[in-house]
Amino acid sequence: NTGFIDRINALVYPPPEGHAGAVSFDQGVTTLFLDDLRIATTLRPSGGERALGTRASAAVRDRVLIGGESWHDTAYVVNAWYISAYEALADPQGRRVGMLYTGIPRAPYTAARQVTWAVIGGAFALAAGLSLPLFLHWARGIFGPLEAMGRTMSRAEAGEMGAPTR
C-alpha cells in the first residue's frame, strides 16, 4: 500500500515551505516490513522503482523482531547509511510480525559535520595567527623589564654598584 506509506512519510517528513502537498522522498524514508521483508516503502535507491522485496539487516532483525527492542541508530539501508529508527509491529496476539522504519540519509550530516570542523579549525587558526603578534608584544612588555633587572642584578653581583636600574 504505497499511499499509506507515502502518507506516513509526509507526516514524519513534511514537505519544505512553499511545496504544500508535495511528498519529498529525498528528505527521509519510511518503510513497512512484513517480518524483515520490505513490503511498502518510499525508498527509491536509483530514483526509479521502490526498493520492495529487500530485507532489513540481520542486526536490525535480531534486535527488533527477535529481541523486541527498538532500534535507534545508524543502519545500512539498501545502498547508503541512514540515521534510523525501527519499531516492531505486533498482531492482536502480541506476536511481532513486522517493523515500521523511518530514517534520514546520514551523508548530508556527515558532510555538514566535516564542514563545521573545518570552519571551526580555520577560525581558530585565524584567531591564533592574528593574536600571536599581540601576545608577543605583551610578552616583550613584561619580560623586557625583567631581563633588564636581571642584567642589572648580574652587574651588581659582579661588583658594579653604579649599574643602571632601568
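Residues numbered from 1 in each chain as written. Predicted model: local features only at pLDDT ≥ 70, side-chain atom pairs only at ≥ 80, totals over all residues. Heavy atoms only, no water.

## Comments concerning the overall build of the protein chain
Helices and strands together make up the secondary structure of the protein chain, namely three helices and five strands. For 166 residues, the compact-globule estimate of 2.2 N^0.38 gives 15 Å, and the C-alpha radius of gyration of the protein chain, at 32 Å, exceeds that figure by more than 25%. Taken along its principal axes, the extent of the C-alpha atoms in the protein chain is 100 × 40 × 25 Å. Counting across all 166 residues of the protein chain, residues that qualify as buried make up 24%. Taking the contacts inside the protein chain whose residues are at least 6 apart along the sequence as the reference set, 39% of them involve residues at least 24 apart. In the form shown here, the protein chain has an accessible surface area of approximately 11,000 Å², with 63% of it arising from carbon and sulfur atoms. Counting 15 positive and 14 negative side-chain charges, the protein chain places the centres of these two groups 4 Å from one another. (Helix = DSSP H or I, 4+ residues; strand = E, 2+ residues; numbered from the N terminus. Rg over C-alpha atoms; globule rule 2.2 N^0.38 Å. Buried < 20%, exposed > 50% of the residue type's maximum accessible area, 1.4 Å probe, protein only. Contact = heavy atoms within 4.5 Å. Areas by Shrake-Rupley, 256 points an atom, 1.4 Å probe, with all protein chains shown as cover. Lys, Arg positive; Asp, Glu negative; His and termini not counted. Charge placed at Lys NZ, Arg CZ, Asp CG, Glu CD.)

## Brief notes about the pairing of strand β3 (residues 71-77)
Sheet topology note: the β3/strand β4 (residues 80-90) ladder contains seven bridges and is antiparallel. What sits directly across from A75, in β4, is Y82. What sits between the antiparallel neighbours β3 and β4 is a turn of two residues, in which V78 has the positive phi angle 60°. (Pairing = 2+ DSSP bridges.)

## Quick notes on the environment of R95
Along the polypeptide, R95 turns up in the loop between β4 and β5 (96-105). Distance in space between the C-alpha atoms of R95 and P15 is 35 Å, their sequence separation being 80 residues. When near neighbours in sequence (up to four residues on either side) are disregarded, R95 contacts L89 and A90. Reaching out from R95, the side chain makes a polar contact with the side chain of D91 at a distance of 2.8 Å. One polar contact links R95 to Q93, side chain to side chain, over a distance of 3.2 Å. (Polar contact = N/O pair within 3.5 Å; in protein donor to acceptor, adjacent residues only side chain to side chain.)

## Things to note about the pattern of salt bridges
Tallied over the full model, the rule gives six salt bridges. The salt bridge involving R50 is made with D6; its shortest N-O contact spans 3.0 Å. With R50 in the loop between β2 (37-41) and α2 (58-66) and D6 in helix α1 (residues 2-12), the pair connects residues that are 44 residues apart, well separated along the chain. A relative accessible area of 17% means that R50 is categorised as buried. Here R155 ties to E160 by a salt bridge, and the two come within 2.7 Å at their closest N and O atoms. Exposure remark for E160: the relative accessible area of 36% places this residue in the partly exposed category. A single network of salt bridges, built from pairs that share partners, joins D36, R55, R61 and D62. (Salt bridge = Lys/Arg side-chain N within 4 Å of Asp/Glu carboxyl O.)

## Details of the side chain of D91
Mapped onto the secondary structure, D91 falls in the loop between β4 and β5. Of note is the side chain of D91, whose polar atom sits 3.0 Å from the backbone nitrogen of Q93.

## Considering the nonpolar core
Among the nonpolar cores identified, the biggest contains 15 residues, and V60, V77, Y86, M99 and Y101 are the most heavily contacted of them. For this core, the secondary structure elements donating two or more residues are β1 (29-34), α2, β3, β4 and β5. Each residue touching Y86, except ones within four places of it in the same chain, is listed here: F33, A56, V60, V64, S70, W71, A75, V77, M99, L100 and Y101. (Core = buried A, V, L, I, M, F, W, Y, C linked by side-chain atoms within 4.5 Å.)

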